[in-house]
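Single-letter residue listing:
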Amino acid sequence: MSGLKKEISIYIHIPFCVRKCLYCDFNSFAGKEEYFEAYKNALVSEINAFDKAEGYIVKTIFLGGGTPSVMPSKFTGEILKAVLGKFKTDPNAELSMEVNPKTVDFDKLKEYRDYGVNRLSVGVQSFSERLLKILGRIHDRRDFFECFELIQRAGFKNVNFDLMFALPSQSIDEWEETVKTAVSLRPSHLSVYSLIIEEGTPFFNMFEKGELMEVSDEDDREMYYRAKEILRENGFFQYEISNFSKKGFECRHNIVYWKRKEYIGFGLGACSFLDNERSRNNLSLSDYIGGNWFGERDEFTERDAFAEFMFLGLRMTEGILRKDFYDYFGVDMEALFGKEIKKLSERGLLLDDGERISLTERGIDLSNVVFREFL
Ligand code: SF4
């Protein structure tokens, strides 16, 4: 709490992309440029209509997508102006924005800085030309290097690269080259995710037809371990299963999700967690633009909330303090999950020092097994 105001985070969703990547099942559309302005207007109206802003102080803002940088920068400026005009914002707030290397130039980046954006998250995914093509990304290796130079010239100091491993036919050496190249550029933060083939994506159909070569589970794990090793050797600190940073550059916005703190989502399909209620905005672009912003409220029980606190908190390497669980719910973690914690500790999946529980290395590899125990 800051004064009498409650701390809050804000997520803003921009659902547009130049082209759909072949593995993507995110809430985004390609080829909808004619809707940019109407969408921006709807977003600004939704922000302005939020009637409880007085009670909050904003600690982090995250513009995600989609590809937020695909829109004209003046629209980004109008959206951020609406948020900053509506809500009291901490002068040290983290203001992140996702960018695609092919969608920014120097002027755009300078404008983002002027609007207050102080952290960029760049969708790099790979430094292999071959793999970028397989993924259907719109940028190539050269686009990225040109973009990164502009990012530096524009004065951004806090920059994340998103990288993906276990890509079809990717070798361990190719992945190692990508991680080493990333590290050599000295970003402040790296997110490394294993590709998941989601149903309904072109990749899914290609795999079904045997057109793409899947990476084995063993190689998937080996790639993860190699990344961890290279990142550790280069001064990156792992603070979450997939996230590594230089000290002090952890993504404060994402930590809000993992610690089950409150946030407001604005935009198409954006999720909010407010006053112990989860809700999701409308997923239909035409409805949203028409001013029908809100979607459904998620029903969850108290037991769901306990479980969620456990599996979100355990994603972080620091794990969960029993005291924090008690402070959050007023209930003893041991009384609820003592049996599960004991079982998982005996299986070598959890570390339990009496005060804090956290995932072991093996627990990270089998995190789904661990999380299921709490459900
Ligand atoms: S840029 Fe991101 S959101 Fe857009 S299609 Fe590719 S993966 Fe999906």
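Everything numeric here is computed off the predicted structure, so don't read it as measured data.

Student: What exactly am I supposed to notice about the overall build of the protein here?
Tutor: Within the protein one finds 15 helices and 17 strands. Since a compact globule built from 375 residues should have a radius of gyration of about 21 Å, the 21 Å found for the protein is in line with a globular shape. Dimensions of the protein, computed from the C-alpha atoms along their principal axes, are close to 55 × 55 × 40 Å. Burial statistics for the protein: of 375 residues in total, 37% are counted as buried. Taking all contacts inside the protein whose residues are at least 6 apart in sequence as the whole, residues at least 24 apart take part in 70%.

Student: How do you make sense of the site of the ligand when you look at a structure like this?
Tutor: Residues in close proximity to the ligand include Cys-17, Lys-20, Cys-21, Cys-24, Phe-26, Ser-28, Gly-65, Gly-66, Thr-67, Asn-100 and Gly-123, which together make up its full environment. A breakdown of the residues in the shell around the ligand according to their chemical character gives 4 nonpolar, 6 polar and 1 charged.

Student: Would you mind going over the domain arrangement of the protein with me for this structure?
Tutor: Frequently, the measure chosen for interface size is the accessible area removed from exposure when the parts meet. Assigned domains within the protein: domain 1 (6-258) and domain 2 (302-375). Of note, the centres of domain 1 and domain 2, computed from C-alpha atoms alone, are 28 Å apart. Within the residue set of the side of domain 1 that touches domain 2, elements represented by two or more residues are β9 (237-240) and α9 (252-258). For the side of domain 1 that touches domain 2, the element with the highest residue contribution is β9, accounting for 3 residues. Class assignment for the residues of the side of domain 1 that touches domain 2 results in 4 nonpolar, 1 polar and 2 charged.

Student: Is there a simple way to think about helix α11 (residues 302-313) in this case?
Tutor: Side chains three or four residues apart in an α-helix point the same way, a direct result of the helix having 3.6 residues per turn. Across its 12 residues, α11 extends 16 Å between first and last C-alpha, which sits within 8% of the 16 Å expected from 1.5 Å per residue. Residues of α11 that are buried include every one of Ala-307, Phe-309, Met-310 and Gly-313, and no others. Seen end-on, α11 carries its buried residues on one side only, within an arc spanning 155 degrees. Where α11 is buried, its residues touch α9, β15 (320-321), α12 (322-329) and α13 (333-346).

Student: Explanation requested: the sheet that holds strand β17 (residues 356-359) in the structure shown.
Tutor: By way of backbone hydrogen bonds, the strands of a sheet pair with one another, either parallel or antiparallel. An order of β15-β17-β16 is seen for the 3 strands of this open sheet, with the pairing classed as antiparallel. This sheet does not close on itself; its edge strands, each paired only once, are β15 and β16 (350-352). Of the strand pairs in this sheet, β16 and β17 are connected by 3 bridges, and their pairing is antiparallel. Counted as the bridge partner of Leu-350 is Leu-359 from β17.

Student: Would you take a moment to explain helix α2 (residues 73-86) for this structure?
Tutor: Look at α2: 20 Å from first C-alpha to last across 14 residues, which is about the 20 Å you get at 1.5 Å a residue. All of the buried residues along α2 are Thr-76, Ile-79, Leu-80, Ala-82 and Val-83. Taken end-on, α2 shows its buried residues confined to a sector of 150 degrees, consistent with a single buried face. Turned more than 90 degrees from where α2 packs its buried face, Lys-74 and Gly-85 sit exposed. Looking at the packing, one finds that the buried side of α2 touches β1 (6-14), α1 (36-49), β4 (56-65) and α3 (106-115).

Student: Looking at this model, I keep getting lost on the nonpolar core. Mind explaining?
Tutor: Proteins that are soluble and globular tend to have nonpolar side chains buried together. Counting residues in each nonpolar core, the largest one holds 73 residues, and the members touching the most others are Ile-10, Ile-12, Val-83, Leu-163 and Phe-165. The contacts of Val-83, once residues within four sequence positions are left out, are Ile-10, Ile-47 and Ile-61. One finds Met-333, Leu-349, Leu-350 and Val-370 within the second-largest nonpolar core, a separate group that totals 15 residues.

Student: When you look at unusual backbone geometry in this model, what are you seeing that I'm missing?
Tutor: Glycine aside, a negative phi is what most residues show, and trans is what most peptide bonds show. Following Gly-65, the chain continues into Gly-66 via a peptide bond in cis, with omega recorded as 20 degrees. Mapped onto the secondary structure, Gly-66 falls in the loop between β4 and α2. Notably, Ser-169 is not glycine yet its phi reads approximately 65 degrees, a positive angle.

Student: Whenever I open this one, the packing of α1 against α2 confuses me. Can you help?
Tutor: Helix-helix packing: each pair is described by the crossing angle between the helix axes and the interaxial distance. Where α1 contacts α2, the axes come no closer than 9 Å and their chain directions differ by 5 degrees. Regarding the angle of α1 to α2, the classification is roughly parallel. Contacts from Phe-36, Lys-40, Leu-43, Val-44, Ile-47 and Asn-48 in α1 reach Phe-75, Glu-78, Ile-79, Ala-82, Val-83 and Lys-86 in α2. Residue composition of the contact of α1 with α2, by class: 8 nonpolar, 1 polar and 3 charged.

Calculation criteria
- Counting of residues starts from 1 at the beginning of each chain's written sequence and follows it residue by residue.
- Per-residue local features are limited, in this predicted model, to residues with pLDDT of at least 70; the limit for side-chain atom pairs, both in listing and counting, is 80 or more; totals at the level of whole chains, interfaces and linings are taken over all residues.
- We count a stretch as a helix when DSSP gives it H or I for four or more residues in a row; a strand needs E for two or more, and each element gets its number in order from the N terminus.
- The globule rule used for comparison is 2.2 Å times the number of residues to the exponent 0.38, while the radius of gyration itself is calculated over C-alpha atoms.
- Any residue surrounded by 20 or more other C-beta atoms within 10 Å of its C-beta is treated as buried, while 12 or fewer makes it exposed and the intermediate range makes it partly exposed; C-beta atoms here are placed from the backbone.
- By the convention adopted here, residues make contact when the C-beta atoms placed from their backbones lie within 7 Å.
- We call a residue near a molecule or strand when its C-beta atom, built from the backbone, sits within 6 Å of it.
- Any residue that is not Ala, Val, Leu, Ile, Met, Phe, Trp, Tyr, Cys, Pro, Asp, Glu, Lys or Arg is counted as polar, Gly included; the first ten are nonpolar and the last four charged.
- Where a domain begins and ends is set by an automatic assignment or by a domain database.
- Here, expected helix span is obtained from the residue count minus one, scaled by 1.5 Å.
- The arc in question is the one traced by the directions running from the helix axis out to the C-beta atoms.
- Any two strands with at least two DSSP-identified bridges between them are counted as paired.
- Think of a nonpolar core as buried Ala, Val, Leu, Ile, Met, Phe, Trp, Tyr and Cys residues chained together by C-beta atoms that fall within 7 Å.
- Interaxial angles span 0 to 180 degrees and are taken between N-to-C directions of axes, which are lines fitted to C-alpha atoms, for helices over the stretch in contact.
- Under this scheme an angle from 65 to 115 degrees is roughly perpendicular, one under 35 degrees roughly parallel, and one over 145 degrees roughly antiparallel; angles in between are oblique.

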